[in-house]
Amino acid sequence: MPRLLLLNGPNLNLLGTREPEVYGSATLQDVEDLARTTAESLGLELRAVQSNSEGALVDAVQAAREDCDGVVVNAGAYTHTSIALRDAFASVALPFVEVHVSNVHAREEFRHHSYLAALASAVIVGAGVQGYVFAVQRLASVLAEADTR
Ligand SMILES: O=C1C[C@@](O)(C(=O)O)C[C@@H](O)[C@@H]1O
């Protein structure tokens, strides 16, 4: 069965209590359950990892090469700063979808640039935690398409 990695970066462990006016009331556990239920309904497995540290996120992307077929990633603030994470995605060459709960383009200028976006299959911003559902659905399509080639 194809497997997805759901990767959440810094401060996303605080979803539900962190700036609820920006990020809503769903917790990280809710997000992981939602993404897993969506994946399973599409015949995919899902493994979830969250870390506040950049190196651990790089390690998780590298490890995904061994046992995953695609990645849903919300890299949090590292989206806007991390060349290391971008290089990790470039190195493993796995399809990935970038998610942001908030509409980063309606926020501070420094959130408008993503180091990951140019490599992503798709970028979903501002759809709240439903963005994770869309991301899993999109990856399922991308993987199914690749399978029929
Ligand atoms: O931590 C986050 C969360 C975020 O990735 C989002 O999901 O909207 C947006 C980032 O700018 C921010 O640093």
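Residues numbered from 1 in each chain as written. Predicted model: local features only at pLDDT ≥ 70, side-chain atom pairs only at ≥ 80, totals over all residues.

The name given to the protein chain in an unreviewed UniProt entry is 3-dehydroquinate dehydratase, with the source organism recorded as Microlunatus spumicola. Entered under Catalytic activity (unreviewed entry) in the UniProt record, the comment concerning the protein chain runs "3-dehydroquinate = 3-dehydroshikimate + H2O". Its UniProt record gives the protein chain a comment under Sequence similarities (unreviewed entry), which states: "Belongs to the type-II 3-dehydroquinase family." (UniProt positions renumbered as here; feature names shortened; annotations may be inferred.)

One can find A127 in the loop between strand 5 (122-125) and helix 5 (130-147). Its 16 C-beta neighbours within 10 Å are what place A127 among the partly exposed residues. (Helix = DSSP H or I, 4+ residues; strand = E, 2+ residues; numbered from the N terminus. Buried ≥ 20, exposed ≤ 12 C-beta atoms within 10 Å, placed from the backbone.)

Next up on the list: the sheet that holds strand 5. The strand order 2-1-3-4-5 describes an open sheet built from five strands, whose pairing is parallel. Unpaired on one side and paired on the other, strand 2 (45-50) and strand 5 mark the two borders of the sheet. Each strand axis lies, on average, 15° off the axis of its neighbour in the sheet, ignoring direction. Across five bridges, the pairing between strand 1 (residues 3-8) and strand 3 (residues 70-74) is parallel. Across the sheet, residue L4 finds its bridge partner in strand 3, namely G70. Together, strand 1, strand 2 and strand 3 form the strand contacts of helix 3 (residues 54-67), whose direction differs from that of strand 1 by roughly 175°. (Pairing = 2+ DSSP bridges. Axes fitted to C-alpha atoms, helices over the stretch in contact; angles between N-to-C directions. Contact = placed C-beta atoms within 7 Å.)

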